[in-house]
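Analysis of the macromolecular model
Read off the chains here:
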Amino acid sequence: MVGNESSWAWCLARSELEMALPRRWAHSVGVARKALDLSRHLTCDSRLLAASAILHDVGYSPNAAVTGFHPLDGARFLRDEHHADERLARLVANHTFALLEAEERGLREQLAVEFPILDDQVLVDALTFCDITTSPDGTPTTAANRIAEIVGRYGPNTVVGKFIQRAEPEILAAVSRIDLATAAHPR
């Protein structure tokens with residue numbers, strides 16, 4: 001998908017993020033590149049992983065932001081404005097344990113009802129892995145460093161800071177599952 005600018009997901013993400021939010025765009029491109037590489041080592045829907053990777057932060061776009069909670073805003077934007085595949089919207093809505101952040105924001109029930117977590121642990125974990133091991137500038141990083149960066153950027157007592165600290169064990173477990181899966185299935 002990266003480099004294939006005729007792809008619907010790539011074009012949409014670019015149009016929504018590249019000019020308006022260049023750093024978010026750089027992060028999304030890095031996440032998508034990682035997803036492409038990772039999908040060579042996993043048994044999963046690689047197209048869906050790549051599309052969700054490039055679009056996971058589309059909810060930050062000024063055209064999508066409504067509630068201020070980017071996973072929900074992005075999923076609704078994809079569903080309502082672009083009639084995206086339901087599985088894609090559900091992955092975007094729930095990326096990187098968003099349900100825990102939704103709880104911090106009082107949006108857990110809304111998110112869970114509108115966009116139930118996809119019943120595909122490999123895809124859910126793979127998207128988390130790609131997101132959490134990519135820096136805000138799109139470069140590779142470790143999960144621990146990325147979590148520390150998020151806490152440092154937002155502050156430990158903010159909604160995002162509290163969420164990421166609470167989600168850390170789950171995030172690290174997802175990263176470990178992907179590390180194990182890729183080690184077990186090298187291609």
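Predicted model only: the values in this text are computed from it and were never measured.

**Some words on the pattern of salt bridges**
Pairing is possible between side chains of opposite charge, provided their charged atoms come close. Applying the stated criterion across every chain, the model contains 17 salt bridges. Where Glu-114 meets Arg-79, a salt bridge forms, and the shortest distance between an N and an O atom there is 3.1 Å. Highlighted residues: Glu-114 in helix 7 (residues 108-114) and Arg-79 in helix 4 (residues 70-82), separated in sequence by 35 residues. Owing to a relative accessible area of 25%, Glu-114 belongs among the partly exposed residues under this scheme. Assessed through its relative accessible area of 31%, Arg-79 is described here as partly exposed.

**Thoughts on the environment of Thr-43**
On the secondary structure map, Thr-43 appears in the loop between helix 2 (22-39) and helix 3 (46-55). Given the relative accessible area of 64%, Thr-43 is considered exposed. Along the primary structure Thr-43 and Asp-73 are separated by 30 residues, whereas in three dimensions their C-alpha atoms are 29 Å apart.

**Description of the packing of helix 8 (residues 121-132) against helix 10 (residues 159-184)**
For any two helices packed against each other, the geometry comes down to the angle between their axes and how far apart the axes lie. Where helix 8 meets helix 10, the axes come as close as 9 Å, and the angle between the chain directions of the two elements is 110 degrees. With respect to helix 10, the element helix 8 is oriented roughly perpendicular. Between helix 8 and helix 10 lies a crossing whose hand is left-handed. Only Ile-164, Ile-171, Ala-174, Val-175, Arg-177, Ile-178 and Asp-179 of helix 10 make contact with helix 8, whose side of the interface consists of Gln-121, Val-122, Asp-125, Ala-126, Thr-128, Phe-129 and Ile-132. Taken together, the residues that form the contact of helix 8 with helix 10 break down as nine nonpolar, two polar and three charged.

**Here we look at helix 5 (residues 86-93)**
Within helix 5, six of the eight residues are buried, leaving the element largely enclosed by the surrounding structure. Burial in helix 5 covers these residues: Leu-88, Ala-89, Arg-90, Leu-91, Val-92 and Ala-93. For helix 5, the elements touching its buried residues are helix 1 (8-18), helix 3, helix 4, helix 6 (98-104), helix 7 and helix 8.

**Focus on the side chain of Ser-61**
In this fold, Ser-61 is placed in the loop between helix 3 and helix 4. Note on Ser-61: relative accessible area 0%, which makes it buried. Ignoring sequence-local partners within four residues, the contact set of Ser-61 consists of Glu-16, Leu-17 and Leu-21.

**Side note on the side chain of Lys-34**
Inspection of the secondary structure puts Lys-34 in helix 2. Within the buried core, Lys-34 has no salt-bridge partner, and the shortest N-O distance to an opposite charge, that of Asp-37, equals 8.0 Å. Within the structure, Lys-34 has its side chain in polar contact with the backbone oxygen of Thr-133 (distance 2.4 Å). The contacts of Lys-34, once residues within four sequence positions are left out, are Phe-129, Cys-130, Thr-133, Thr-134, Pro-140 and Thr-141.

**Digging into unusual backbone geometry**
Positive phi, close to 50 degrees, is recorded for Thr-96, a residue that is not glycine. When you line up the elements, Thr-96 lands in the loop between helix 5 and helix 6. Assessed through its relative accessible area of 5%, Thr-96 is described here as buried.

**A word on the packing of aromatic side chains**
Per the stated rule, a full pass over the model turns up one aromatic pair. Sitting over the ring of Tyr-60, Arg-24 keeps its end group 3.8 Å from the ring centre.

What counts as what
Residues numbered from 1 in each chain as written. Predicted model: local features only at pLDDT ≥ 70, side-chain atom pairs only at ≥ 80, totals over all residues. Heavy atoms only, no water. Salt bridge = Lys/Arg side-chain N within 4 Å of Asp/Glu carboxyl O. Helix = DSSP H or I, 4+ residues; strand = E, 2+ residues; numbered from the N terminus. Buried < 20%, exposed > 50% of the residue type's maximum accessible area, 1.4 Å probe, protein only. Axes fitted to C-alpha atoms, helices over the stretch in contact; angles between N-to-C directions. Parallel < 35°, antiparallel > 145°, perpendicular 65-115°, else oblique. Left-handed = near helix turned anticlockwise from the far one by under 90°. Contact = heavy atoms within 4.5 Å. Nonpolar A, V, L, I, M, F, W, Y, C, P; charged D, E, K, R; others polar. Lys, Arg positive; Asp, Glu negative; His and termini not counted. Polar contact = N/O pair within 3.5 Å; in protein donor to acceptor, adjacent residues only side chain to side chain. Phe/Tyr/Trp six-rings, centres within 6.5 Å; stacked < 30°, edge-to-face > 60°. Lys NZ or Arg CZ within 6 Å of the ring centre and 35° of its normal.

Fair warning: the whole summary comes from geometry, so function is off the table for now.
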